[in-house]
Amino acid sequence: MRNFRLLLLGGTLFIALTLLSFGILQKSESSHPPYAGVPPNSQPKPRPIKPSLNQTTKPETEGTFPNIAVVLKTGSETLIDRVAIQLATFLNRIENLVVVGDKPGFAIGDYEMVDVYSQLYVDTRKRMGLKLDGSQDDLAGVKRKWSNNAHKNEVDRRSDELSFQRRDRVVSGQDIQADGWKADAHKNLPAFKLLFEKYPDADWFLMIDDDSYVYWDNLAEYLKGKDPSKPYYTGQNNHFKGCDGIKEFGIGILIAQGGAGILASRGAMKLLLNVVDTCIIKYKDCWAGDIRTALCFRDAGVLVDWGVGFHGVPPNEEFIYPDDPCEKPSVFHHVLPWQMQKLYETGLWDKQLNPKMGTTMGSIYTAFHGTKTIFQVDLDRKGGDYRNFKSSSGKACESLCEGDKKCVAWVFDTDKVCWLKSSPRVAEKRKGVSSGVIGGRYKCSKG
């Protein structure tokens, strides 16, 4: 019996080795499932292994942007949950990247989160040769003053924030008692200082948040023809109040809204670095980092330029699409992880289908909203009108829109007026009004 068991064991081992030699038990590459929603031919090629934290250069990678340096602003509370999808999608094309946050000892993958917050005011005063004043620059004291100011102005700035919680987006400032969010305003200026010192030869410097998404090809096209040696600071323009003595919106300078991307040229950064330490101390009680950044650029002699393609919300229900479906987005803000994956897949599809044109608002709309014709009751769609006339019903208005190739959306109001629109608009509740979108109309035909 013992000899029989040995013989059986030996036979089993022989069969197993034979199967392995033919590769039957080996895992084939084709057994891996494709990326969800991505055509097989457009799956990303394997990238070289990134260097360890102490290396200063990265291997060359096809399609990277060596003239752009990026600082990603995050925190210890959101680093892992948010940044992983960014590194796996759009940030895998960036060579010059710095990740900054609010505490030491944190990292994600090969990237250490540099703490630009904990010792900020002590280190800045030392560099400036100023006397350390615990009562003035004690960080806890700064946080108390700032938190009181921030709470009031955050409520004013986003009075309808709670309504956004039911929509598809990251809610900013939803818990302002969290350490990471309270520290956020203090990160911008030291982060820009660190980025320029690390990559002084870059042409362009971009700050984004851990809920931002960037289309690099579109941004690079937007920057074509702009001289990086000249002072240039841009993004999505916003008004502010609560800092610099400004108590009403529209009185002060315009700012570039932070999460939608703050972009500066090498020329602007050189000017900023001349005054940044002074600004860190001067504006330490200002409640928002993007406001501090704008004020410091102003002190350096640079005012914000009007930016196109920088968007403060993702392409969800509240997003206002432009009239031109061929317009190209560069940055979206408040993007959820699943939306980042969809934006990434959309970019891959666009490169496959129309590589010369790239990703447009038309393709973004199709990816997020589909191509079906929509008919809705008790919903209005304000703006974007190019023609109106009397009509008998919502169905009649829809037919008129379908017969006009320029028409993308329509509204039939309570006065029995039919409004034709050149782009899909945000749907808002309004009793007695019907509206809709003609499927497949909002698309870019260039190429």
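Just so it is clear, the structure is predicted and the values come from calculations on it, not from any experiment.

Q: Where do I start with the sheet that holds strand β1 (residues 68–73) in this structure?
A: If you walk across this open sheet you meet the eight strands as β3-β4-β2-β1-β5-β10-β7-β11, and the pairing is mixed. Each edge of the open sheet is held by one strand with a lone partner, namely β3 (106–108) and β11 (305–306). Pairing analysis gives two bridges linking strand β7 (residues 233–235) to β11, with the strands arranged parallel. Each residue of the ladder has a partner; that of Gly235, found in β11, is Trp306. On the sheet, helix α10 (residues 266–282) packs against β5 (204–209) and β10 (262–265) and is oriented at approximately 95 degrees with respect to β10.

Q: Please explain the state of the cysteines as it appears in this structure.
A: A disulfide bridge is the covalent bond that connects two cysteines by way of their sulfur atoms. Tallied over the full model, the rule gives five disulfides. With a sulfur-sulfur separation of 2.1 Å, Cys243 is cross-linked through a disulfide to Cys286. Where Cys243 bonds to Cys286 through sulfur, the torsion about that S-S bond is close to 95 degrees, and the disulfide is right-handed. Remark: Cys286 occurs in the loop between α10 and α11 (289–299) and Cys243 occurs in the loop between β8 (237–238) and β9 (255–256); sequence separation between them is 43 residues. Cys286 gets classed as buried once you look at its relative accessible area, which sits at 6%. Across the disulfide, Cys401 is cross-linked to Cys407 (sulfur-sulfur distance 1.9 Å).

Q: Explain the confidence of the model for the chain to me, please; I cannot follow it from the model alone.
A: Predicted coordinates in areas of low pLDDT are best not read in detail. Across the chain, pLDDT averages 82, with 76% of residues at or above 70. Note that residues 12–61 has pLDDT below 50 and, in this model, 43 contacts with residues that lie over four places away or in other chains.

Q: Would you take a moment to explain the sheet that holds strand β15 (residues 385–390) for this structure?
A: Through backbone hydrogen bonds, the strands of a sheet pair up, either in parallel or in antiparallel fashion. One open sheet accounts for five strands, arranged β14-β18-β16-β17-β15; its pairing is antiparallel. This sheet does not close on itself; its edge strands, each paired only once, are β14 (374–381) and β15. Sheet twist, expressed as the mean angle between neighbouring strand axes with direction ignored, is 30 degrees. Of the strands in this sheet, β14, β15, β16 (409–412), β17 (417–421) and β18 (427–437) touch helix α14 (residues 394–402), which is tilted by about 155 degrees from β16.

Q: How should I be thinking about unusual backbone geometry in this particular structure?
A: Trans is the common state for peptide bonds, and a negative phi is the common state for residues other than glycine. For Asp244, which is not glycine, the phi torsion reads 60 degrees and is therefore positive. Here Asp244 lies in the loop between β8 and β9. For Asp244, a relative accessible area of 36% corresponds to the partly exposed category. A positive phi angle, near 60 degrees, is found at Lys416, a position not held by glycine. Here Lys416 is to be found in the loop between β16 and β17.

Q: How do you make sense of the pairing of β17 when you look at a structure like this?
A: The side chains of a regular strand alternate between both faces of the sheet. Counting buried positions over the five residues of β17 gives four, a clear majority of the element. As paired elements, β15 and β17 share five bridges and run antiparallel to each other. Looking at the pairing, Lys390 lines up with Val417 of β17. Both β16 and β17 contribute to a ladder of four bridges, which runs antiparallel. In the sheet register, Val411 faces β17, and the bridge partner there is Trp419.

Q: Hey, could you run me through the environment of Phe319 in this one?
A: Mapping Phe319 onto the fold places it in the loop between β12 (310–311) and β13 (331–332). The class of Phe319 is buried, set by a relative accessible area of 4%. For the pair formed by Phe319 and Ala427, sequence separation is 108 residues and the distance between their alpha carbons is 9.9 Å. Ignoring sequence-local partners within four residues, the contact set of Phe319 consists of His311, Val313, Pro314, Phe332, Met361 and Val426.

Q: What is the right way to look at the packing of aromatic side chains in this model?
A: Any two aromatic rings considered together are summarised by their centre-to-centre distance and by the angle between their planes. Inspection of every chain in the model, using the stated rule, returns 16 aromatic pairs. Measuring from ring centre to ring centre gives 6.3 Å for Phe65 and Trp216, while their planes differ by 35 degrees; the resulting arrangement is tilted. With Phe65 in the loop between α1 (2–21) and β1 and Trp216 in helix α9 (residues 216–223), this residue pair connects regions lying 151 residues apart in the sequence. A cation over a ring is seen here: Lys406 above Tyr386, with NZ or CZ 4.4 Å from the ring centre.

Q: Would you mind showing me how to read the packing of helix α8 (residues 188–198) against α11 here?
A: When two helices pack together, you describe them by how their axes are tilted relative to each other and by the distance separating the axes. Where α8 contacts α11, the axes come no closer than 8 Å and their chain directions differ by 60 degrees. Judged by the angle between their axes, α8 and α11 are oblique. Residue-level contacts link Asn188, Leu189 and Phe192 of α8 to Gly289, Asp290, Arg292, Thr293 and Cys296 of α11. Looking at the contact of α8 with α11 residue by residue, the class counts come to three nonpolar, three polar and two charged.

Q: When you look at the nonpolar core in this model, what are you seeing that I'm missing?
A: Note that soluble globular proteins tend to have their nonpolar side chains buried in a common cluster. In terms of nonpolar packing, the biggest core is built from 48 residues, with Leu91, Leu97, Trp216 and Leu219 touching the most fellow members. Sequence-distant contacts of Leu219, that is, excluding residues within four places in its chain, are made with Ile68, Leu206, Val214, Leu263, Phe310 and Ser330.

Q: What exactly am I supposed to notice about the side chain of Thr234 here?
A: Relative to the helices and strands, Thr234 resides in strand β7. In this structure the side chain of Thr234 is engaged in a polar contact, spanning 3.3 Å, whose partner is the backbone nitrogen of Gly307. Once residues lying within four places of it in the same chain are set aside, the contact partners of Thr234 are Tyr222, Ala256, Gly261, Ile262, Leu263, Val304, Asp305, Trp306, Gly307 and Phe310.

Q: Would you mind showing me how to read the packing of α10 against α11 here?
A: Running from N to C, α10 and α11 point in directions that differ by 120 degrees, and their axes come no closer than 8 Å. When the interaxial angle is binned, α10 and α11 end up oblique. For the pair α10 and α11, the sense of crossing is right-handed. Contact with α10, carried on its side by Ala268, Met269, Leu272, Val275, Val276, Cys279 and Lys282, involves Cys296, Phe297 and Asp299 of α11 and no other residues of that element. Looking at the contact of α10 with α11, its residues break down into eight nonpolar, no polar and two charged.

What counts, and at which threshold
- Residues numbered from 1 in each chain as written.
- Predicted model: local features only at pLDDT ≥ 70, side-chain atom pairs only at ≥ 80, totals over all residues.
- Heavy atoms only, no water.
- Pairing = 2+ DSSP bridges.
- Helix = DSSP H or I, 4+ residues; strand = E, 2+ residues; numbered from the N terminus.
- Contact = heavy atoms within 4.5 Å.
- Axes fitted to C-alpha atoms, helices over the stretch in contact; angles between N-to-C directions.
- Disulfide = S-S within 2.5 Å.
- Buried < 20%, exposed > 50% of the residue type's maximum accessible area, 1.4 Å probe, protein only.
- pLDDT = per-residue confidence, 0-100.
- Phe/Tyr/Trp six-rings, centres within 6.5 Å; stacked < 30°, edge-to-face > 60°.
- Lys NZ or Arg CZ within 6 Å of the ring centre and 35° of its normal.
- Parallel < 35°, antiparallel > 145°, perpendicular 65-115°, else oblique.
- Nonpolar A, V, L, I, M, F, W, Y, C, P; charged D, E, K, R; others polar.
- Core = buried A, V, L, I, M, F, W, Y, C linked by side-chain atoms within 4.5 Å.
- Polar contact = N/O pair within 3.5 Å; in protein donor to acceptor, adjacent residues only side chain to side chain.
- Left-handed = near helix turned anticlockwise from the far one by under 90°.

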